[in-house]
Structures are given as C-alpha cells and as structure tokens.
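Listed here are the chains, written in short residue letters.
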Amino acid sequence: MDQQSSSQSKPASTPASRGPRSSFGGRGRSSGGSSSGGAGGRSGGGGRRGGGGRREEREVREFEQKTLALDRVTRVTAGGKRMTFRAALLIGDKKGRVGFAVEKGLDVQISMDKAYRKAKKHLIRVPLVNGTIPHAVWTKFGSAEVMIKPAPQGTGLKCGGAVRAVFELAGVPNAVSKIFNSKNKINIAKATFEAISKLSLPPPKKEAQQPAVKTKA
C-alpha cells in the first residue's frame, strides 16, 4: 500500500522534447523563423503582382473575321480515336476583298489561326458598279445552288446564311441572293465564292465621235 501511494503522489515528468510555454498559452517558437517566414511571404506576393501586370500586346489584324462553322471531328485510327477541331472562317476588309478557308487543328485557337492564314492567301475582290454587283450569276457547288443578283440603291442585302456573311465582309451595300437544295454552310460559301469569281465589270463606254464636217472650197 505504501508503494502504491508513493507512486501516485509523484508528479508526472514532462518529456524533454516539449519546450516551455509562452506567456500567451502556446508553445514557444523561435522568433527568427517566424519573422523570416513572414518576410518571405510578403516578398513573394509582391513578385507575383509585378509579374501579373505584364500583358502581351495582341497582334492587330488587318481583316475582320467571322466564324462560319466550328465542329469537332473524330477520326478512328489503329491507335484509337483522334479528336480535332475544324474551323470554317470568313475574313474581309469591307472594301471589296474577302477570303474563305477551312482548316483543322488539335485546338480551337490553332484551327482558327490556320484558317485565317490560309484565307489571307486566297483573297478575291468583289467588283462593284453603282453600289452593287455588275450582273446576275447562278452557280453550283456540290448540292448547293446559289443565285446572286444586283439590286438598286437603298435595297440593302436581301440575302441569308453564308451569302450574307460573305457580302457583309466584302462591303457590298446592295444585293439579292437565293439558295437552293442545301443547308450546308461550307458548300454555300464555296458556291458564293465561285459566283463572285465569275463577276466581271462591263467594258467602258466609248464616246461617240462626231463626224467631221466637210467644208466646200
């Protein structure tokens, strides 16, 4: 009994690894580590703010662009399925020049950039006479048939779908069009470009020469 009471009366010894308690009730910490950690955090935050303020200037493009179609294409190969993106892009300066291209890429932005560069290499000019196209043209590409006609001043663009997008980027103020047998935007756009390539300006009118008056001697 004496041994049990003596063992219970002895206080439990604190482990040597524990440090002295601070006046705030917590364990003591080295002042050097806390100050260096705080300074490092502040300096790191300032570096991030400085780096984030730098912005790269985007390239100013010469032509306005409009996405006609953007599709995800899956190709089945021996190694599995390969997914790409197909972009059909129209570009124009609204001063008579317009271009069209279809390109594929692993990313949406890659396909758009490739289509833009290709469209710049295949620009065509739309001839205009008195604010409209010179004459009517009927063309066909695939199953899509497109008819474009001139319109008087003040009519505007009475066109739909891809034909309207092409004329808007080309800067044609007045025109009329009709689409037959297809709703495929790419085929309609290609048929429209074929129709534009067939447009020609009328020959200049020659001034009538007055006959020479013979005088009697």
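What you see is a predicted model, and the numbers here were worked out from it, not measured in a lab.

1. Quick notes on the overall build of the protein chain
- Within the protein chain one finds 5 helices and 8 strands.
- With 217 residues in all, the protein chain has 29% of them scored as buried.
- Relative to all contacts within the protein chain whose residues are 6 or more apart in sequence, the contacts with residues 24 or more apart total 55%.
- Here the protein chain has roughly 16,000 Å² of accessible surface; of this, 51% comes from carbon and sulfur atoms.

2. Some words on the sheet that holds strand 1 (residues 64-77)
- With antiparallel pairing, the 4 strands of this open sheet are ordered in space as 1-2-3-4. Two strands bound the open sheet, and with one partner strand each, they are strand 1 and strand 4 (123-125). On average, each strand axis in the sheet is inclined to that of its neighbour by 15°, with strand direction left out of account.
- Relative to strand 3 (residues 97-105), strand 2 (residues 80-92) runs antiparallel, the two sharing 8 bridges. Counterpart to Leu89 in the pairing with strand 3 is Ala101.
- Sitting on the sheet, helix 5 (residues 185-197) is in contact with strand 1, strand 2, strand 3 and strand 4, with an inclination near 145° to strand 3.

3. Observations regarding helix 3 (residues 108-121)
- In this model, helix 3 (14 residues) spans 21 Å end to end at C-alpha, consistent with the 20 Å of a helix rising 1.5 Å per residue.
- The elements touched by buried residues of helix 3 are strand 1, strand 2, strand 3 and strand 4.

Reading guide: rules and limits
- Residues numbered from 1 in each chain as written.
- Predicted model: local features only at pLDDT ≥ 70, side-chain atom pairs only at ≥ 80, totals over all residues.
- Heavy atoms only, no water.
- Helix = DSSP H or I, 4+ residues; strand = E, 2+ residues; numbered from the N terminus.
- Buried < 20%, exposed > 50% of the residue type's maximum accessible area, 1.4 Å probe, protein only.
- Contact = heavy atoms within 4.5 Å.
- Areas by Shrake-Rupley, 256 points an atom, 1.4 Å probe, with all protein chains shown as cover.
- Pairing = 2+ DSSP bridges.
- Axes fitted to C-alpha atoms, helices over the stretch in contact; angles between N-to-C directions.
- Expected span 1.5 Å × (residues − 1).

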